[in-house]
Structures are given as structure tokens and as C-alpha cells.
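What follows is the residue order along each chain.
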Amino acid sequence: MTTELTFYIDRDSQLHRLNPLTKLVMVFTFIMLAFLGPGFWLPTFLILGAIIPLSLLGKIQREYFQATRRLLLPVVGFLFVMQSVFHPDDSRVLFQLWFLDVSVGSVRYAYLTASRIFVMVSSFILLLLTTHPSILMSDLTRRGLSGSFAYVITSTLQILPQMRAKANTIIDAQRSRGLDTEGGYRQRVRALLPLVGPLVFGSLVEVEERAIAIEARAFTSPLPKSFLHDIPDTRFDKTARWTCVFLILVALGANLWL
Amino acid sequence: MALVEIQNLTYQYPVTEKPALKDINLQIEEGEFVAVIGPNESGKSTLSYAVSGFVPHFFRGDIQGTIKVDGLHSRESSLNEWVLHVGLAFQNPFNQISGSKFTVFEEIAFGLENIGVTREEMKKRVHEIMEMTGISELGDRSPYALSGGQQQRVALASILVMEPKVLVLDEPTSQLDPIGTRQVFQVIKEMSARGMTVLLTEHKIEWIAEFADRVVALLEGKIIAQGPPHRVLTSPSLREQGFGFSRYTAVAEKAREQGLWPQDRRLPVTLDEAVDGFTRGFDEN
């Protein structure tokens, strides 16, 4: 059973050692460039020229390709087909699919949309594969992100698998009392209620206890916080971040003026 | 002055009909180990919350009387100050895991991060407390991938690392198996031996008899008896009010009716005392 929801792969690489904020800014920059930047081929260039080389730099190319293939390609492929077929466009028709026209313009549009989505999701995959969520959150908290907000994010990653395990226990318990959870659609919907009740009410009780537990550890203390992990923030990190900001401005400018 | 001083405390949770604690007077000296017994709904947990500041700061409700702990006064101080003086651990180990940390080491450091302890000091204290609670080898594990006994020791360590003056434990072993129970009690015993002031609510009477300096019996929100463990735990009048004897006491009582337990000997509470009494009985025969 998996006990946590992280994609993080623990390797030693330059990408892993980069400050989490730098990586976050990079992801944001890729997305901004892909969506705002000029040129039809820019998102493709970002994928081939930046994101894939970075995955090599981070020594996580195998996991990266695995994740993109399983998570991203089906979605992007579906998007490409749907947009090609249904995006309204008056340009030259390439071929007809049954009664639908597939034109040059709609294929171009579909490709652009699909490559943009590809950039967005795969750069996030890159971030998640090389950055541990607790490191990311403690770095952001150190920079002024609300501790409660960071808590909500990291605890969700941990508690969701726990809730799934509990849901399975409840399903087993109810089945052993004769609840029929298999069969037709209606049967399944009817079986849902005795499962959801204990799960939701049980969780509400847990929330109070967990609140006491973290209060007992001074979670809401007004004292300045400190951090267990030393997260380096080098001159290179700062330069990289400002370069990213510069690139976003260039892309914005190009978008407005070209 | 006593470290914990509760005077005429009456407390009622919001939207309840009657008070959970009625006119409680309790003093606990520094270094003392006080155990609280009582049936369910007798106010044990509420008393734990009162000493650890969650009553009234977290639960609100109506409060009369005063609670003073380590120089803090319930009316004048906030929960954030209070938790630096009193540590609280309770029944369910799973719900005491913060959920925001991915390893045991980080989990234990969580409280120290919140109060701004420096990194070097933090690491030193976490290592020390992990050694003391016998979980040194678990540092890199996920706090969720542990047994109940291990999880409860992580919860204890997470509180102890903050170095409170008073440790409040609300049935810390009620959801643990016998092995987990023994492991947790070993930690409690060690803390008490080091001079920590402890307030423990517990159903497992045999364990109380071994550690406690004083036992307080609660019934329907009132203290109905308190004193040395033997006097309270073998009191016939308390038994009539629904407080169980330990199995050793119960056996010896039956044996006394049969003439198998020396008449002049007090009833035992622990296994050792029972064995001692029975073997002496046989010697005399």
C-alpha cells in the first residue's frame, strides 16, 4: 500500500539541488511562454529544447517519460483529435471524416493547444519528480506563505491515501454485514450511502483531534518559525529566477507588439 | 506552591446539559505522578484538557474557578503560551500525527519548527528524544507506516521534544496491544524517573499501581477519592461505585474468602505483590 501521494524521486542532480522556488518560477515561465509567447512552434521548442533536456539533467528521464506517456499523452491525444475535428475553421479541408471536415487551420489550432497543455503538465511533472513537497512547502513558508495553507497542501497529500485505506476498510466491514456493492448501476449507487456516512462523520471527529494535536505542538504560535531543512538558495538560483522574469516580460512584449 | 493548582473548577462544554467537571480541587507537586481513574464520561478527558489548556481555550464553554499551571493563569494566558508548559498526548495515535510531515524525524521536529528553535538545537533534541523513546531506527520512515505502539511513541516524542514541565496523558494506551502498551509505559516511566510531572488517565490499573504517587478517582465530574495507589485501588467503597479492581486484587479477594490469602496482608494490585502474598500464604500452611 502506498502511504503517501508524492511523485518525488530521490536522486542527486543539479536539478534536485536547485532551490524549490526557482523550479516553481521555471514552471510558471514555461507555461507563460507557451501560452503568451509568439510563434507556432514555441511550445514544441520548449518541450524539445528545455523540458526534455532538464529531465536528463535531473536524471529522472525514465520516470518523466513514463509519467508523460501514462498521464499526459492520452489526454493530449484526445484533445488533439477533438480539436482537429470540431474546431470551426474555414481554411482548406484536408480530409473528411464521415461528415466532419478536418481543415488545415483546425489541425494547426489543435496542435498548438495540445502542445501548450503538454508544456504545462509536463513541466509540473518535472517539478514534482525533482522536488519533495515538504521541501517546497517549507521553502515557501520561509518566504512568507501562510503556514496553514502549506499545512493544507502537505496534509492532503498524506491524508488522502489514508482515507482511501479507511474507505476500503468500511467497504469490507459493510460487505461482511451483507451489503451488496456489486451489480448494476442503481445497485452501486444505493450501496454508496452506508459507505459515505461513516467515512465523512469519522473524518469530522478526526479533524477535531488532529486540531488538538497540532495546537499542542504550537502550530498557531506567534513566535517566528524555524525550519529543519536547510534549503540552499544560491546566486545562480536568483539569477535564474530573474532570467525567468525577463523571459516572461519579453514574451508578453512580443505578444503585444508583434 | 504546587506546579498544577486547580481551585473550585466547574466546567461545562458548549451545548451540553450538565457540567463535565464539578468543583474540582487538585494540586500536583513538581515531579509528582498522578493517575486519574474513573468510568467513561466521568470527566477524565476533560480534566486532561483543563490541565493542558484546551479547556477553556480550545473548547470554549462555561468555566468557573481557576486553573494555574507553572505560573500561568487560565484567564490571563493563551493556548499558545500554555502548550509550551504542558504537553498533551491522547488515545488515538493515528490522529496525533500532524499529517504534514513525511518522515518520523520531521514529524518530531514539527513542534520545534513552530516555536523557532535553531536548526542545530532542533536536530540535537530530536535525536535525543528518539533515543529515549526507543524509536531511533524509525527516523526515515513515514509516520503512517508504523505500528500503533510505534506511532504512539512518535506522538509522545513529538510532545516531549518541546520540553514541557508537565506531561498530560489521556488514556495513551487504550488503543494499543499489550506490547505497544508496555513500550509506551516504559517511556512514561523513564520520563517520570527523570523528574517530569505527569498526569495520566488510564484504565489499566496494574500499570497505575506500579508508577503513580497518587491516584485520583473521578465519578460524574467530581473527585470522589484520592490518595496513595493502594488505598484507592483496593477500596471496597469505590468498587461499589463501579470502579473495577485489578485482576490481581480480585483474585486475592476471592482467595481471602477461602482463607488462602493472609488476613493481615493488604490486597495486592500488581502481579509481583500477588505472587509475593500467595507464596507467603503457602509457606505458612
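What counts and how
- Residues numbered from 1 in each chain as written.
- Chains lettered and ligands numbered in written order.
- Predicted model: local features only at pLDDT ≥ 70, side-chain atom pairs only at ≥ 80, totals over all residues.
- Helix = DSSP H or I, 4+ residues; strand = E, 2+ residues; numbered from the N terminus.
- Buried ≥ 20, exposed ≤ 12 C-beta atoms within 10 Å, placed from the backbone.
- Rg over C-alpha atoms; globule rule 2.2 N^0.38 Å.
- Axes fitted to C-alpha atoms, helices over the stretch in contact; angles between N-to-C directions.
- Parallel < 35°, antiparallel > 145°, perpendicular 65-115°, else oblique.
- Left-handed = near helix turned anticlockwise from the far one by under 90°.
- Contact = placed C-beta atoms within 7 Å.
- Nonpolar A, V, L, I, M, F, W, Y, C, P; charged D, E, K, R; others polar.
- Pairing = 2+ DSSP bridges.
- Core = buried A, V, L, I, M, F, W, Y, C linked by C-beta atoms within 7 Å.
- pLDDT = per-residue confidence, 0-100.

## Regarding the overall build of chain B
Looking only at helices and strands, one finds 13 helices and ten strands in chain B. Here chain B, with 285 residues, has 50% of them falling under the buried criterion.

## Thoughts on the overall build of chain A
In terms of regular secondary structure, chain A is built from nine helices and two strands. If you list the helices and strands of chain A from N to C, you get α-α-α-α-β-β-α-α-α-α-α. At 24 Å, chain A has a C-alpha radius of gyration far larger than the 18 Å of a compact globule built from 258 residues. With the C-alpha coordinates aligned to their principal axes, the bounding extent of chain A is approximately 65 × 60 × 35 Å.

## Some points on the packing of helix α7 (residues 147-176) of chain A against helix α8 (residues 185-215) of chain A
Residue and element names in this part refer to chain A. Where α7 meets α8, the axes come as close as 9 Å, and the angle between the chain directions of the two elements is 135°. With respect to their mutual orientation, α7 and α8 come out oblique. Relative to α8, α7 is oriented so that their crossing is right-handed. Of the residues in α8, those in contact with M163, K166, A167, I170, I171 and Q174 of α7 are P194, L195, P198, L199 and S203. Each residue belonging to the contact of α7 with α8 can be placed in one class, and the counts come to eight nonpolar, two polar and one charged.

## What to know about the sheet that holds strand β9 (residues 214-219) of chain B
Consider a sheet: its strands pair through backbone hydrogen bonds, and that pairing is either parallel or antiparallel. Residues and elements named next belong to chain B. One open sheet holds the six strands; their spatial order is β6-β7-β8-β3-β9-β10, and the pairing between them is mixed. Taken across any chain shown, the strands that pair with only one partner, and hence form the sheet edges, are β6 (86-89) and β10 (222-227). Neighbour to neighbour, the strand axes of the sheet diverge by 15° on average, direction disregarded.

## Notes on the pairing of strand β2 (residues 100-103) of chain A
Summarising the sheet, strand β1 (residues 93-97) of chain A and β2 of chain A pair through four bridges and their orientation is antiparallel. Within β2 of chain A, the position partnered with V93 of chain A by the bridge is S103 of chain A.

## A few points about the interface of chain A and chain B
Where the parts come together, the accessible area they lose is often given as the size of the interface. At the junction of the two partners, chain A supplies 30 residues and chain B supplies 34 residues. Of all the elements in the fold, those that place two or more residues in the side of chain A that touches chain B are α7 and α8 of chain A. With seven residues, the top contributor of residues to the side of chain A that touches chain B is α8 of chain A. The residue makeup of the side of chain A that touches chain B, split by class, is 13 nonpolar, nine polar and eight charged.

## Things to note about the environment of P198 of chain A
Mapped onto the elements, P198 of chain A comes out in helix α8. For the pair formed by P198 of chain A and K166 of chain A, sequence separation is 32 residues and the distance between their alpha carbons is 9.7 Å.

## Quick notes on the pairing of strand β1 (residues 4-12) of chain B
Here five bridges tie β1 of chain B to strand β2 (residues 21-28) of chain B, and the two strands are oriented antiparallel to one another. Note that in β2 of chain B the partner of Y11 of chain B across the bridge is L21 of chain B.

## Notes on helix α1 (residues 44-51) of chain B
All names here are of chain B. Of all eight residues making up α1, seven are buried, and the element is well covered by its neighbours. What α1 keeps buried is the set K44, T46, L47, S48, Y49, A50 and V51. Directly after α1, the chain includes G53, whose backbone phi takes a positive value near 90°.

## Concerning the sheet that holds β2 of chain B
Residue and element names in this part refer to chain B. Here we have four strands laid out as an open sheet, ordered β2-β1-β4-β5, and antiparallel in their pairing. Each edge of the open sheet is held by one strand with a lone partner, namely β2 and β5 (72-73). Two elements, β1 and strand β4 (residues 62-69), share seven bridges in a ladder whose sense is antiparallel. Bridge pairing links T10 to Q64 in β4.

## What about the nonpolar core?
Ranked by internal contacts, the top residues of the largest apolar core, which has 96 residues, are A50 and I108 of chain B. Residues within four places of A50 of chain B in sequence aside, it is in contact with I6, L9, Y11, L21, V55 and I67 of chain B. By size, the runner-up hydrophobic cluster in this structure holds 23 residues, among which are L33, L54, F118 and A251 of chain A.

## Details of the environment of A255 of chain B
All names here are of chain B. Structurally, A255 is set in helix α12 (residues 247-257). On the basis of neighbour counts, which here come to 17 C-beta atoms within 10 Å, the residue A255 falls in the partly exposed class. Distance from A255 to T66, taken between C-alpha atoms, is 46 Å for residues 189 residues apart in sequence. Setting aside residues up to four positions removed in sequence, A255 forms contacts with L260 and W261.

## Quick look at the confidence of the model for chain B
When pLDDT is averaged along chain B, the result is 92, and 98% of the positions lie at 70 or above. Scored as a complex, the prediction yields pTM 0.86 and ipTM 0.90.

## Section: the environment of K18 of chain B
All names here are of chain B. Looking at where K18 falls in the secondary structure, it is placed in the loop between β1 and β2. For K18, a count of 9 C-beta atoms within 10 Å puts it in the exposed group. Remark: the alpha-carbon pair of K18 and G221, spanning 203 residues in sequence, is separated by 9.7 Å.

## Comments concerning unusual backbone geometry
Most peptide bonds adopt trans geometry, and most residues besides glycine take a negative phi value. All names here are of chain B. Omega for the peptide link from V55 to P56 comes to 5°, which places this bond in the cis form. With respect to the helices, strands and loops of the structure, P56 is situated in helix α2 (residues 54-57). One non-glycine residue, R60, lies in positive phi territory at about 60°. At D70, a position not held by glycine, the phi torsion is positive, near 50°. Residue position: D70 is located in the loop between β4 and β5. Owing to 16 C-beta atoms within 10 Å, D70 belongs among the partly exposed residues under this scheme.

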